Amino acid sequence: MKQSKTASSRLDERLKQGSKTIFFWTLAWLICTALLAFGPKLIWNFNIPITLSVVALNIIAGIRMLWVNKQHLAQMDELQRKIHMNAMAVSLGLTMIFGSLYGLLEPAGLLDHTPNPGNILFVMGISYLVSVVLNNRKYS
Amino acid sequence: MKNRLKVLRAERDWTQADLAQALDVSRQTINAIEKGKFDPSLPLAFKVARLFQMPIESIFQEEP
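The structure presented is a predicted model; accordingly, all values stated were derived computationally and were not measured. (Residues numbered from 1 in each chain as written. Chains lettered and ligands numbered in written order. Predicted model: local features only at pLDDT ≥ 70, side-chain atom pairs only at ≥ 80, totals over all residues.)

Novice: Quick one: what's the story with the overall build of chain A, residue by residue and with numbers?
Specialist: Within chain A, the regular secondary structure consists of four helices and zero strands. If you list the helices and strands of chain A from N to C, you get α-α-α-α. Taken against the 2.2 N^0.38 rule, which gives 14 Å for 140 residues, the C-alpha radius of gyration of chain A at 20 Å runs more than 25% over that of a compact globule. Each principal axis of the C-alpha distribution contributes one length, and for chain A these read about 60 × 40 × 15 Å. Counting all 140 residues of chain A, 11% fall into the buried class. Considering only residue pairs separated by 6 or more positions, chain A has 70% of its internal contacts joining residues 24 or more positions apart. (Helix = DSSP H or I, 4+ residues; strand = E, 2+ residues; numbered from the N terminus. Rg over C-alpha atoms; globule rule 2.2 N^0.38 Å. Buried ≥ 20, exposed ≤ 12 C-beta atoms within 10 Å, placed from the backbone. Contact = placed C-beta atoms within 7 Å.)

Novice: I'd like to hear about helix 3 (residues 27-34) of chain B, residue by residue, with values.
Specialist: Every α-helical turn comprises 3.6 residues, leaving residues that sit three or four positions apart pointing alike. Taken together, the buried positions of helix 3 of chain B are occupied by B:Thr29, B:Ile30, B:Ala32 and B:Ile33. Buried residues of helix 3 of chain B, viewed axially, fall in a sector of 165 degrees; they line one side. Taken together, the buried residues of helix 3 of chain B touch helix 3 (78-105) of chain A together with strand 1 (2-3), helix 1 (5-11) and helix 2 (16-23) of chain B. (Arc of directions from axis to C-beta.)

Novice: I'd like a description of the confidence of the model for chain A, backed by residues and values.
Specialist: On average, residues of chain A carry a pLDDT of 90, and 94% of them reach 70 or more. When the elements of chain A are averaged for pLDDT, helix 1 (residues 2-42) of chain A gives the smallest value, 85, and helix 2 (residues 48-75) of chain A the largest, 96. (pLDDT = per-residue confidence, 0-100.)

Novice: Requested: an account of the interface of chain B and chain A, with residues and values cited.
Specialist: Contacts between the two partners involve 16 residues from chain B, matched on the other side by 13 residues from chain A. For the side of chain B that touches chain A, the secondary structure elements donating two or more residues are helix 2 and helix 3 of chain B.

Novice: Could you give an account of the nonpolar core, with specific residues and numbers?
Specialist: What tends to happen in soluble globular proteins is that the nonpolar side chains get buried as a cluster. Grouped together as the largest cluster of nonpolar side chains are 14 residues, with contacts concentrated most on B:Leu19, B:Ala20, B:Leu23, B:Val25, B:Ile30 and B:Ile33. Broken down by secondary-structure element, the contributors of at least two residues to this core are helix 3 of chain A together with helix 2 and helix 3 of chain B. No other element matches the four residues that helix 2 of chain B contributes to this core. The next biggest cluster of nonpolar side chains, apart from the first, holds six residues, and it includes A:Trp25, A:Cys32, A:Ala61 and A:Met65. (Core = buried A, V, L, I, M, F, W, Y, C linked by C-beta atoms within 7 Å.)

Novice: Describe unusual backbone geometry, naming the residues involved and giving the relevant values.
Specialist: Even without being glycine, A:Phe46 reaches a positive phi, approximately 55 degrees. At B:Asp13, a position not held by glycine, the phi torsion is positive, near 60 degrees. Relative to the helices and strands, B:Asp13 resides in the loop between helix 1 and helix 2. Accessibility expressed as a C-beta count within 10 Å gives 8 for B:Asp13, which makes it exposed.

Novice: Explain the confidence of the model for chain B to me, using residue names and the numbers behind them.
Specialist: Residues and elements named next belong to chain B. Within chain B, residue pLDDT values average 94, and 100% of them lie at 70 or more. Put simply, strand 1 is where chain B has its lowest mean pLDDT, 92, and helix 4 (residues 42-52) is where it has its highest, 96. Both confidence scores are given for the complex: pTM 0.83, ipTM 0.90.

And the structure:
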């Protein structure tokens, strides 16, 4: 079983390294998003070339974040991958249902302000997290 | 699908962690397979068969 210990640590190390890379690129994307949200008004006074550069950086960091997430998923073992794929399916479905519903609340007179699309991210994140926890419990 | 993973592992005095290490999967995966909550993929089933040096059908059986 000595050889096998190396194999297992390979899985653990792969996942640990993957998590670090995801953290790095998510942080980079978050910083770019924050810069884009507050920078034009507070830092560079709506300078168009700077704003366009930050938009480009945001897209690059976002695509890189997406790519490392995909790689991380591929490095998981098959049960972990199934758990995360299930969570993604649940998250996508709930986001679609509540996203469309949320958009209709204002025209229906149930909401007195314009719906903010950013709020949908919370539904997505929370439903993903809850689904991962529930699936982990199911298979433990 | 039924399997004899737990018996075969016990015969060799391996822990779930040992088997997980040998197959390059998590301990949770071994536990789920042993409890019949999760059916392994064909490549993983072949890997298990190779590790125990047994035919795949003597480890995994279809439930009627």
